[in-house]
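Structure at a glance
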Amino acid sequence: IYILPCIAGHVGADTAGMILSEEPQEQDQMTLLVDVGTNAEIVLGNRQRLLACSSPTGPAFEGAQISCGQRAAAGAIERVRINPETLQPRFKVIGCDLWSDEAGFDLAIESHGVTGICGSGIIEVVAEMYLSGIVTVDGIVDGELAARSSRVIQNDRTWSYVLHSPANDEAQIVVTQNDIRQIQLAKAALYAGVKLLMDRIGTQKVERIRLAGAFGSHINVQHAMVLGLIPDCALGEVSSAGNAAGTGARIALLNNQSRDVIETLVKNIEKIETAMEPRFQDYFVDAMAFPNKTDSFPNLFSVVSRPVPKVISDGAGAGRKRRRR
């Protein structure tokens, strides 16, 4: 039995396997590796230097703490597009290759229906809500759009967006204001960790990004960048690494020399404790905005139209509104 080495607390042997698989130490490009999960493991560097940290993203990206969230199973919404003019959505569910507005969709999902939203789906719907103006840069659902679309509904003192309203007695699939907040908290923690590594290594940009893990392999990279889950980068240089930890484990199993390589490399990786870094909170607050309060994301907005900033009401009742930028 051979067990891959741990890098540090919360950055374990699966991260070592990811490094063995992706070989950032052999790259000239500034490379970012991210294993997105309840705890995000982050590695940044190139052949000059490698740094690592973990960020407590929580379970929101896996569908937990989301009102209609669920695990990735048949019937879960995994892809979403919203028309910015009509605010009408179209989506795909796991187990069906058709979009919801295509002929035959209802018949194709008859056996399992539309049951909820999985992690990749919640990323896409929140990103699409921002791009279509339903959600502001600060993550507030714009209740004034209720006059334009019946999809925007009041929910006590906040507003929600109806993603799916079935014809039968099944419950609606709704994205609430609290759902938006959970995604903001999760993605802000991850982005703040990345910024700390960028600070420490002394770079203002990332040239290559690889998203690892089962969840990372299903993320739409453009929507992930729209949210500010990952830093700005040429979209052609952002891709999925699949099960990089599993690939690294197979490499270690079949190649004895690779074990010496990773054991030596792990000793030289610099570990950053995010909880001990004074700038983590500042980066976290900036990263609550979509995609970020201070970082401009030029690569992203060269291919995606930036939504027009707006001033909306943060209250639900007409007599209790207060203006908020």
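Residues numbered from 1 in each chain as written. Predicted model: local features only at pLDDT ≥ 70, side-chain atom pairs only at ≥ 80, totals over all residues. Heavy atoms only, no water.

**Some details on helix α9 (residues 280-287)**
- Within the sequence span of α9, burial applies to F280, Y283, F284 and A287. Looking straight down α9, one finds its buried side chains confined to an arc of 105 degrees; they lie on one side.
- Summarising the contacts, the buried residues of α9 are in contact with β3 (50-55) and α4 (177-201). (Buried < 20%, exposed > 50% of the residue type's maximum accessible area, 1.4 Å probe, protein only. Helix = DSSP H or I, 4+ residues; strand = E, 2+ residues; numbered from the N terminus. Arc of directions from axis to C-beta. Contact = heavy atoms within 4.5 Å.)

**Some remarks on the nonpolar core**
- If you look at the biggest cluster of nonpolar residues, it comprises 77 residues, and the most contacted ones within it are M129 and L163.
- A per-element tally of this core places α4 first, with 13 residues.
- Excluding anything up to four places from it in sequence, L163 contacts I77, V80, P89, F91, I117, V125, R151, I173 and V174.
- Listed in part, the 19 residues of the second largest apolar core include A16, L50, A52 and A252. (Core = buried A, V, L, I, M, F, W, Y, C linked by side-chain atoms within 4.5 Å.)

**Re the sheet that holds strand β5 (residues 89-93)**
- If you trace the three strands from one edge of the open sheet to the other, you get β5-β4-β6, paired in mixed fashion. Looking at strand neighbours, the two that pair on one side only are β5 and β6 (116-117), the edges of this open sheet.
- As paired elements, strand β4 (residues 76-82) and β6 share two bridges and run parallel to each other. Each bridged residue has a counterpart across the sheet, and for A76 the counterpart in β6 is G116.
- Relative to the sheet, helix α3 (residues 119-131) contacts β4 and β6, its axis offset from that of β4 by approximately 15 degrees. (Pairing = 2+ DSSP bridges. Axes fitted to C-alpha atoms, helices over the stretch in contact; angles between N-to-C directions.)

**Describing the pattern of salt bridges**
- This model, assessed by the stated rule, comprises 12 salt bridges.
- A salt bridge links E22 to R208; the shortest N-O distance between them is 3.7 Å. In this pair, E22 sits in helix α1 (residues 13-22) while R208 sits in strand β10 (residues 208-212), placing the two residues 186 residues apart along the sequence. Considered together, E22 and R208 belong to a single accessibility category, that of buried residues.
- Between E22 and R210 there is a salt bridge whose closest N-O contact spans 2.7 Å. (Salt bridge = Lys/Arg side-chain N within 4 Å of Asp/Glu carboxyl O.)

**Examining the side chain of T203**
- Locating T203 in the fold gives a position in the loop between α4 and β10.
- Engagement of the side chain of T203 in a polar contact is seen with the backbone oxygen of K205, the distance being 2.9 Å.
- In this view, T203 contacts M30 and M198; residues no more than four positions away in its chain are not counted. (Polar contact = N/O pair within 3.5 Å; in protein donor to acceptor, adjacent residues only side chain to side chain.)

**Section: the environment of D286**
- Tracing the sequence through the fold places D286 in helix α9.
- Along the chain, D286 and A214 lie 72 residues apart, while their C-alpha atoms are 28 Å from each other.
- Excluding anything up to four places from it in sequence, D286 contacts N292, K293 and T294.

**Considerations on the confidence of the model for the protein chain**
- Of the residues in the protein chain, 95% reach a pLDDT of 70 or more, and the chain-wide mean stands at 91.
- Mean pLDDT values over the elements of the protein chain span from 48, in strand β14 (residues 323-324), up to 97, in β5.
- Confidence drops under a pLDDT of 50 for residues 315-325, and excluding neighbours within four residues, the segment shows 25 contacts in the predicted structure. (pLDDT = per-residue confidence, 0-100.)

**Points about the packing of α4 against α9**
- Between α4 and α9, the least distance of the axes is 8 Å, while the angle of their chain directions is 130 degrees. By the angle between their directions, the pair α4 and α9 is classed as oblique. Here α4 and α9 pass one another in a crossing that is right-handed. Touching L185, K187, A188, A189, Y191, A192, G193, K195, L196 and D199 of α4 are F280, Y283, F284 and A287, all from α9.
- In terms of residue class, the contact of α4 with α9 is made up of 10 nonpolar, one polar and three charged. (Parallel < 35°, antiparallel > 145°, perpendicular 65-115°, else oblique. Left-handed = near helix turned anticlockwise from the far one by under 90°. Nonpolar A, V, L, I, M, F, W, Y, C, P; charged D, E, K, R; others polar.)

**Considerations on the sheet that holds strand β2 (residues 40-45)**
- An order of β11-β10-β1-β2-β3-β12 is seen for the six strands of this open sheet, with the pairing classed as mixed. Two strands lie at the open edges of the sheet, namely β11 (238-242) and β12 (270-271), each paired on one side alone.
- Across two bridges, β3 lies against β12 in parallel orientation. Looking across to β12, one finds that A52 is bridged to K271.
- Running at roughly 25 degrees to β2, α4 makes contact with β1 (31-35), β2 and β3 of the sheet.

**Things to note about the environment of P291**
- Looking at where P291 falls in the secondary structure, it is placed in the loop between α9 and β13 (312-313).
- Taking the relative accessible area as the measure of exposure, P291 reaches 1% and is therefore buried.
- Note: C-alpha distance between P291 and M225 (66 residues apart in sequence) is 7.1 Å.
- Once residues lying within four places of it in the same chain are set aside, the contact partners of P291 are Y130, K187, M225, V226, L227, G228, F297 and F301.

**Looking at the packing of aromatic side chains**
- Evaluation of the coordinates by the stated rule reveals four aromatic pairs.
- Consider the rings of F91 and F105, whose centres lie 5.9 Å apart with planes at 85 degrees: the pair is edge-to-face. Here F91 is found in strand β5, whereas its partner F105 is found in helix α2 (residues 105-108), with 14 residues between them in sequence.
- F91 sits in the buried class, given a relative accessible area of 3%.
- Note on F105: relative accessible area 2%, which makes it buried.
- Here the guanidinium or amino end of R259 rests over the ring plane of Y2, the centre of that ring lying 4.8 Å away.
- Across the ring face of F301, the terminal group of R306 is positioned such that the distance to the ring centre comes to 3.8 Å. (Phe/Tyr/Trp six-rings, centres within 6.5 Å; stacked < 30°, edge-to-face > 60°. Lys NZ or Arg CZ within 6 Å of the ring centre and 35° of its normal.)

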